Amino acid sequence: MQLFKYYQACWLIILSLVFVACEDSDEPDVEVPAKYANGFLIANEGPFQSGSGTVSFYSYDSASVTNEIFETVNNRPLGNVLQSISVYDDEVFMVINNAEKVEVADTETFESVATIEGLAQPRYFQAVSSDKAYVSEWVNGFGGQLSIINLNSYEVLDTITTGLGPERMLIHDNKLYVVCSGGYSTDSTVTVIDTDTDEVLASITVGVNPAGIVKDEDGFIWVLCKGNYTADYSGLENSGSLYKINPSTNAVESSISFNNFYSQPSDLVIDDDGETIFYSFNGGIYKMDTDDTVLPSTPIITGYFYGLGYDPVSDYLIASDAGDYTSNGKIIRYDSEDGTVIEEFTVGVAPNGGFYFPAD
Amino acid sequence: MIDLRVKFLFCLICYVVVSLKSYGQQLTKLDSTFLLEAVVVEARRLKEYDAGAQVISIDSSTIKTFEAMSLSEMLTQTMPVFVKTYNPGSLATTSFRGMGAGHTAVLWNGFPIQSPMNGQIDFSLLPGSIVDAVNLQLGGEGALWGSGTVGGTVYLENLPKYNSGLQARINQTLGSFGKYFQGYKLTYGKNKLYTSLNVYRDKADNNFTFNNKAKARSPEEEMQHAAFKEWGVLLENYLKISDYQQLAIRYWHQDTEREIPATLTEGSSSATQDDQFNRFLLSWSGNLNSFDWKLQSGFSLEELLYKNDASGIESLSKSKVFIQEAELNWYPLDHLSFQGGVQHQYVSGTVEDYEDGKQEQQRLALLGGVKFNTQFFESRINLRKEFTEFGNVPLVPTFGVELNPWNFLIVSGKIARSYRLPTFNDLYWKPGGNPDLLPESGWSKEAGIRSNFKLFDIKNQFQFTVFSNKIDNWILWQPGSTYWYPQNIKQVWARGIETSYTVEKRWDKTSFNIIARYHYTKSTNEKHQTEDDPSLGKQLIYTPLHKGNLNFTYNYNDFGITWSQQFTGKTFTTTDNDDSLPAFTTSNLSFQYKLDKKYGYLNLRVSANNLFDEDYEIIAWRPMPGRNYQFSLIISPKLNF
């Protein structure tokens, strides 16, 4: 026993020397170019049922895509199904829905940092500070909560009950706005939470099935509601709608109905200036000025997509095409002005709208 | 030197030719013209109309070996067809000749038992202990058996043993991972009566250890939530009304409870599935003068309860199938026979996800056949026309021919149309289900040779088949903007070769046989779903190109040893064939000892499965167990009085 401890101590000393030596020798070198910096991240859900999600990286420098970066670096799959990606403080947070976890990796090397467990059908991740983040969760599909995450210990501290099926989140003025889609049920609210006290401040009623949320240049919050299907799925019971909320009063400033009982709008994004919003609807991608009071009548891009993103660095729209969901999908970069195709890349299986774009 | 070799070769050839000739005389294909005799054959359609078809029988001693296991294990270990097993004891479906899970029909004494709701059958739910004979027929045979017989058909039969006296058979099998099978069988056969009661119980925890490749450094973990429990009863009664008539009544009940394990890329699972069925079959068969007939009435009631506590899902689905069938054969001449038949099916499916919660269908099918055969030639034409309330089912013919030019050689060919009706889920599932779907249909062609000969006094059998099977209007569930929906959009072309070689030898006390089988199946997607569909021309997912197996059996007196080895080639997991699972080989070894005495027999069997501890997956991220063992004790006293 004594001998063992002695050996252990020796090894510790030797190891620490090695590490010190390594660090020393590393110092004078020119900084290693970060492999996964200067680009955006694409979330691929992975094959239906039994597969694993993957992350693709688009590099602005080489104008090319690298696939399966998490798997390549960490020699293990991410898990089933990758819902969304978020970045804060040099760390990437990948929300894995079915596996009920958030994988945390270093933004530059993509080496795994931690795994946040104990979540219930997590959807999106929103950091508040370097210490704290929220994860929206569907609980059993018919519930709704946010888990409060300690970003130092990567543990769930507490949960806050929200509307049903919470999805994307947005922070404005120390308040968190989370759209509550209803999950497998129905809801039509935006839950507002004080990010300091974690108290629910308000519940704003919007259209049925709110799924997208963005903030414009004037500080207004836009919420895209998809509407819901009738019980027999023959059409929509409630049409999709677009809501504009004044965050200082939490009142609905205006709302526009899509007045279509067949197709649901989805994938709301906003440009860098906060002046133009984009969304998918009825086989096209539409572009609308935030000052407009009526919906645009013609799309700038036609086609059905599984996800949409706006890249502030290039001012391009990125649409994801999931194909048959069991083969590699692709992303297509479009000019956000007129919808011209710039280029397309093959990515992983079932790329969705859970992109992460760096700020301009 | 060369001379010597040539001489030797010449001698060898001479020897082979002579042996072939002498042996061939005994091996001439038995004249299959049915002579009216005091034996009532039930499965006439299968046995009479097989010209040109590729039929593989699993012999009764092999069936006994798998008494404590399921048909999924029996097929996996003995046949080169691909069995898609999710986890041990979990869902297992088959791919015959490169086709999908819904393209294999399973007939229990002529009654189709695949689920009308999804068109599939779970081979894990078919215990090896309930059948006396298993035949596999590869390739389309829609004219004989109707919908779903696209890739192949599995025939399960129960057979009476008149005059076998009173017998009991007790099987106790213990295995790794909490496996415990108990089978109790009591049979009585005398003169005109045979009755059999078979009760079985099976359970396994399936808590095997595996290396979790979904985690860093692949730690060793124990399989969670994969247990299963099953019990069932099969009651058979056969009565010879006269020397030429038989009445058969069969009843089969089974109850299975299973935990559904998570894939390694998911977190955990709390899903369970309970399957229960009652199947009742009444048949009257007989012959008179140059006619024979069979009237059959079958009823099946199935229930499936899926529960998932984590997501609050509890879904109960029920289906009923009621089939009436009449078949008449006429043998006007020695070399000519005719067949006619009619089948009526009533099918219903109840699940809350269907339009109106319950759906019903009635189908009527007419079938006819003609067969002409001589000593050197056999040919048949079969036709079926099915009428349904939806879609138009084409007229389905089969043309089969066999030539027997020399005693040791049979050359065969077959062209058959086959079809599959859309399942209840395809038609009525809400949302997505489409009542306007057409039946899938296509043509399959095959040609082959079979050869039986003796070489150095050893029986040899060689078989080689090439096939091509094209299916159009293949129903595929496609992702829509909000939900998935089925469409008749896929076209699949499967083609390949199948070959086998059997060597068999029997002495006084010793016998051995070696069976080697190899299948090459290229099954590709022939139609693009989108403009630049990356899956066009690519191999279907979970359909291996190469599949082979080798079985070796040696018996000496009361002692037997069986060695089997299965090779499964690489399978693709994505439709663009970008991702795949590696090929794997598993081996099994078993010893058995049989003590046969006047008052009964005792059988001991020890087997090791996956002997070399191969680390493999059949479905991505669903691990399979490493080396595991089974020990069986079978006691069968003869209780004659």
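What you see is a predicted model; the values in this text were computed from it and never measured.

1. Looking at the overall build of chain A
Across its full length, chain A holds two helices and 29 strands. In terms of overall dimensions, chain A is globule-like: its C-alpha atoms have a radius of gyration of 22 Å, near the 21 Å expected for 360 residues. Expressed along its principal axes, the backbone C-alpha trace of chain A runs to roughly 80 × 45 × 40 Å. Taking all 360 residues of chain A together, 56% fall into the buried category. In chain A, the proportion of contacts linking residues at least 24 apart, taken out of those at least 6 apart, comes to 42%. By element, 47% of the accessible surface of chain A is carried by carbon and sulfur atoms, the whole surface being about 15600 Å².

2. Regarding the side chain of Thr104 of chain B
All names here are of chain B. Checked against the element boundaries, Thr104 lands in strand E4 (residues 104-108). Residue Thr104 is classed as buried on the basis of its relative accessible area of 0%. For Thr104, the side chain forms a polar contact with the side chain of Thr94, separated by 3.0 Å.

3. Considering the pattern of salt bridges
The full count for this structure, using the stated rule, is 30 salt bridges over all chains. Residue Lys287 of chain A is joined to Glu337 of chain A by a salt bridge in which the shortest nitrogen-to-oxygen separation is 3.7 Å. Of the two residues, Lys287 of chain A sits in strand E24 (residues 284-289) while Glu337 of chain A sits in the loop between strand E28 (328-335) and strand E29 (341-349), which places them 50 residues apart along the sequence. Taking the relative accessible area as the measure of exposure, Lys287 of chain A reaches 23% and is therefore partly exposed. The class for Glu337 of chain A is exposed, based on a relative accessible area of 53%. Across the pair Glu48 of chain B and Lys371 of chain B runs a salt bridge, and its minimum N-O distance is 3.4 Å. Of the two residues, Glu48 of chain B sits in helix H2 (residues 44-48) while Lys371 of chain B sits in strand E19 (residues 358-373), which places them 323 residues apart along the sequence. The two residues Glu48 of chain B and Lys371 of chain B agree in class, both being buried.

4. Section: the sheet that holds strand E25 (residues 301-302) of chain A
Residue and element names in this part refer to chain A. Spatial strand order, E22-E23-E24-E25: four strands in an open sheet with antiparallel pairing. Of all the strands in the sheet, just strand E22 (266-270) and E25 have a single pairing partner and so form its edges. Where E22 meets strand E23 (residues 276-281), three bridges bridge the pair, whose relative direction is antiparallel. Across the sheet, the residue bridging to Ile270 is Ile277, located in E23.

5. Regarding the side chain of Asn328 of chain A
Among the secondary structure elements, Asn328 of chain A is positioned in strand E28. Each residue touching Asn328 of chain A, except ones within four places of it in the same chain, is listed here: Thr346, Val347, Gly348 and Val349 of chain A together with Pro534, Asp576 and Asp578 of chain B.

6. Some words on helix H4 (residues 71-78) of chain B
A large share of H4 of chain B lies buried, amounting to six of its eight residues. Listing the buried residues of H4 of chain B in full gives Leu71, Ser72, Met74, Leu75, Gln77 and Thr78 of chain B.

7. Focus: unusual backbone geometry
The omega angle of the peptide bond from Asn80 of chain A to Val81 of chain A is 0°, so this bond is cis rather than trans. By the element assignment, Val81 of chain A lies in the loop between helix H2 (69-74) and strand E4 (82-88). Cis rather than trans, the peptide bond between Lys430 of chain B and Pro431 of chain B has omega equal to 0°. Note that Pro431 of chain B resides in the loop between helix H6 (424-428) and strand E23 (440-455). Even without a glycine there, the phi angle at Glu100 of chain A is positive, about 55°.

8. Topic: the confidence of the model for chain B
It should be kept in mind that the predicted coordinates are not to be read in detail where pLDDT is low. All names here are of chain B. Looking at chain B as a whole, its pLDDT mean stands at 90, while 93% of the residues score no less than 70. Within the model, pLDDT remains below 50 along residues 8-38, and this stretch shows 46 contacts once partners closer than five positions in the same chain are excluded. Reported confidences for the modelled complex are a pTM of 0.87 and an ipTM of 0.82.

9. Section: the confidence of the model for chain A
Residues of chain A with pLDDT of at least 70 account for 90%, and the chain-wide mean is 90. Between residues 1-7 of chain A, whose pLDDT stays under 50, and residues either more than four places distant or in other chains, the model counts zero contacts.

10. Structural notes on the packing of aromatic side chains
Following the criterion strictly, the structure yields 43 aromatic pairs over all chains and no others. Between Trp563 of chain B and Phe612 of chain B, the ring centres sit 6.1 Å apart and the planes meet at 65°, which makes this aromatic pair edge-to-face. One end of the pair, Trp563 of chain B, is in strand E28 (residues 559-568); the other, Phe612 of chain B, is in the loop between strand E32 (600-609) and strand E33 (617-619), and 49 residues separate them in sequence. Taken together, the ring pairs connect Phe40, Tyr58, Tyr60, Phe345, Phe355 and Phe357 of chain A into an aromatic cluster. The ring of Phe220 of chain A has Lys244 of chain A sitting right over it, with the charged end atom 4.6 Å from the ring centre. Over the ring of Tyr162 of chain B we find Lys240 of chain B, and its NZ or CZ is 4.5 Å from the ring centre.

11. Some words on the interface of chain A and chain B
Opposite the 32 residues of chain A that make contact, chain B presents 31 residues. Regarding the contact of chain A and chain B, the summed buried area is about 2300 Å², with carbon and sulfur atoms giving 54% of it. For the interface between chain A and chain B, the tally reads one salt bridge. A salt bridge links Lys330 of chain A to Asp532 of chain B, with the nearest nitrogen and oxygen atoms 2.7 Å apart. Here chain A is connected to chain B by eight residue pairs in polar contact (both at pLDDT 80 or more).

Cut-offs used in this document
Residues numbered from 1 in each chain as written. Chains lettered and ligands numbered in written order. Predicted model: local features only at pLDDT ≥ 70, side-chain atom pairs only at ≥ 80, totals over all residues. Heavy atoms only, no water. Helix = DSSP H or I, 4+ residues; strand = E, 2+ residues; numbered from the N terminus. Rg over C-alpha atoms; globule rule 2.2 N^0.38 Å. Buried < 20%, exposed > 50% of the residue type's maximum accessible area, 1.4 Å probe, protein only. Contact = heavy atoms within 4.5 Å. Areas by Shrake-Rupley, 256 points an atom, 1.4 Å probe, with all protein chains shown as cover. Polar contact = N/O pair within 3.5 Å; in protein donor to acceptor, adjacent residues only side chain to side chain. Salt bridge = Lys/Arg side-chain N within 4 Å of Asp/Glu carboxyl O. Pairing = 2+ DSSP bridges. pLDDT = per-residue confidence, 0-100. Phe/Tyr/Trp six-rings, centres within 6.5 Å; stacked < 30°, edge-to-face > 60°. Lys NZ or Arg CZ within 6 Å of the ring centre and 35° of its normal. Buried area = accessible area lost by both parts, 1.4 Å probe.

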